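# Overview (structure and organization)
This is what each chain is made of:
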Amino acid sequence: MSTSSDNGTRQITYHRTTNPYEAVFGYSRAVKKGSFIFVSGTTSVDPLTGVVQHPSSAYEQATTIFSEIIKAVESLGGEKVDVTRVRMFVTRDEDADGVGRALKESLGGGEGDRGGPAATMILSVHFIDKDMRVEIEADAVVL
């Protein structure tokens with residue numbers, strides 16, 4: 001669901017989902033202001049049930065998360081190629097390769113002159129739910 005507001009100088013558009021954390025903590029999945037799209041930290045929580053998907057696989061969680069991020073960017077008028085930066089937070093060091101593989105498969109470059117987005121991965125973090133192994137934020141620029 002997307003909603004818009006005008007702050008007097010530039011329109012802001014919000015993308016919200018039924019993810020229960022958005023309602024509890026009062027944030028939007030993504031926000032577009034001007035040509036910039038900012039996607040909040042996204043986990044593999046099923047938006048309908050509130051249950052963490054793929055609790056035993058950081059790779060599967062990351063693949064699910066990147067899909068949700070792409071949907072958010074597209075709902076605000078962007079495309080996956082507009083994603084310019086991702087920040088990945090991972091609970092277990094041994095999951096880094098799987099999360100990196102999910103990034104490359106979902107947003108990575110490697111063909112022609114197109115590279116992947118700028119990226120940062122931070123390891124050994126803790127999340128609100130013990131089954132969450134990965135959380136990812138993303139920024140996009142729509143020109």
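Sequence order as written defines the numbering, with residues in each chain counted from 1. Under the rules for a predicted model, residues below a pLDDT of 70 receive no local features and side-chain atom pairs below 80 are neither given nor counted, while totals for whole chains, interfaces and linings still include all residues. Side-chain measures were taken over the full set of non-hydrogen atoms in the model, leaving aside hydrogen atoms and water.

## Remarks on the packing of aromatic side chains
For any pair of aromatic rings, geometry is given as the distance between the ring centres together with the angle between the planes. To keep it simple, the criterion reads: Within 6.5 Å between ring centres, the rings of Phe, Tyr and Trp (the latter by its six-membered ring) count as paired, and their orientation is classed by plane angle as stacked under 30 degrees, edge-to-face over 60, tilted in between. Here, a charge over a ring is recorded when the distance from Lys NZ or Arg CZ to the ring centre is within 6 Å and its angle to the ring normal is within 35 degrees.
Throughout the structure, instances matching the rule amount to two aromatic pairs. Geometrically, the ring pair formed by Phe36 and Phe38 is stacked, given 6.3 Å between the ring centres and 20 degrees between the ring planes. Over the ring of Tyr59 we find Arg101, and its NZ or CZ is 3.8 Å from the ring centre.

## Re the pairing of strand S3 (residues 30-33)
For clarity, the cut-off: Relative accessible area decides the class of each residue, using a 1.4 Å probe on protein chains only: under 20% of the type maximum gives buried, over 50% gives exposed, and in between gives partly exposed. Where helices and strands are cited, they refer to DSSP runs of H or I of at least four residues and of E of at least two residues respectively, numbered from the N terminus. For two strands to be treated as a pair, DSSP must find no fewer than two bridges joining them.
With burial as the criterion, only one face of S3 is covered, namely that bearing Ala30 and Lys32; the residues Val31 and Lys33 on the opposite face remain uncovered. Note: strand S2 (residues 11-15) against S3, four bridges, orientation antiparallel. The residue of S3 that forms the bridge with Tyr14 is Val31. Adjacent in sequence and paired antiparallel, S3 and strand S4 (residues 36-42) are bridged by two residues, among which Gly34 carries a positive phi angle near 65 degrees.

## Thoughts on helix H2 (residues 58-75)
Rules: Expected helix span is given by 1.5 Å per residue-to-residue step, counting one fewer step than there are residues. We call two residues in contact whenever any of their non-hydrogen atoms come within 4.5 Å of each other.
Over its 18 residues, H2 runs 25 Å from end to end, which matches the ideal 26 Å to within 8%, given 1.5 Å per residue. Taken as a whole, H2 has its buried residues at Ala58, Tyr59, Gln61, Ala62, Ile65, Phe66, Glu68, Ile69, Ile70, Ala72 and Val73. In this structure, the buried residues of H2 make contact with S2, S3, S4, strand S5 (83-90), helix H3 (96-107) and strand S7 (134-141). Just past H2, the residue Gly77 takes up positive phi, approximately 95 degrees.

## Some words on the pattern of salt bridges
We count it as follows: Just to be clear on terms, a salt bridge is a Lys or Arg side-chain nitrogen sitting within 4 Å of an Asp or Glu carboxyl oxygen.
Applying the stated criterion to the full structure yields seven salt bridges. Note that Arg29 is salt-bridged to Glu22, the shortest N-O span being 3.1 Å. Like Glu22, Arg29 is buried. Residue Arg87 is joined to Glu137 by a salt bridge in which the shortest nitrogen-to-oxygen separation is 2.7 Å. Linking Arg87 in strand S5 with Glu137 in strand S7, this pair joins segments that are 50 residues apart in sequence. Overlapping salt bridges, with partners in common, bring together Arg87, Glu137 and Asp139 in one network.

## Structural notes on the packing of H2 against H3
Angle between the axes and distance between the axes: these two values describe a pair of packed helices. This is how it is decided: An axis is simply a line fitted to the C-alpha atoms; with a helix, the fit covers only the stretch in contact. Between two such axes, the angle follows the N-to-C directions and lies from 0 to 180 degrees. The crossing is said to be left-handed when, going from far helix to near helix, the turn is anticlockwise and less than a right angle, and right-handed when the turn is clockwise. Residues are sorted three ways: Asp, Glu, Lys and Arg are charged, Ala, Val, Leu, Ile, Met, Phe, Trp, Tyr, Cys and Pro are nonpolar, and all the rest, Gly among them, are polar.
In the contact formed by H2 and H3, the axes pass within 8 Å of each other and the chain directions differ by 35 degrees. Note that H2 runs across H3; the crossing there is right-handed. Contacts between H2 and H3 involve Ala58, Tyr59, Ala62, Thr63, Phe66 and Ile70 from the former and Gly98, Val99, Arg101, Ala102, Leu103, Glu105, Ser106 and Leu107 from the latter. Among the residues making up the contact of H2 with H3, the classes are represented as nine nonpolar, three polar and two charged.

## Let's talk about unusual backbone geometry
What you tend to see is this: most non-glycine residues have negative phi, and most peptide bonds are trans. At His54, a position not held by glycine, the phi torsion is positive, near 55 degrees. Along the polypeptide, His54 turns up in the loop between S4 and H2. We classify His54 as partly exposed; its relative accessible area is 31%.

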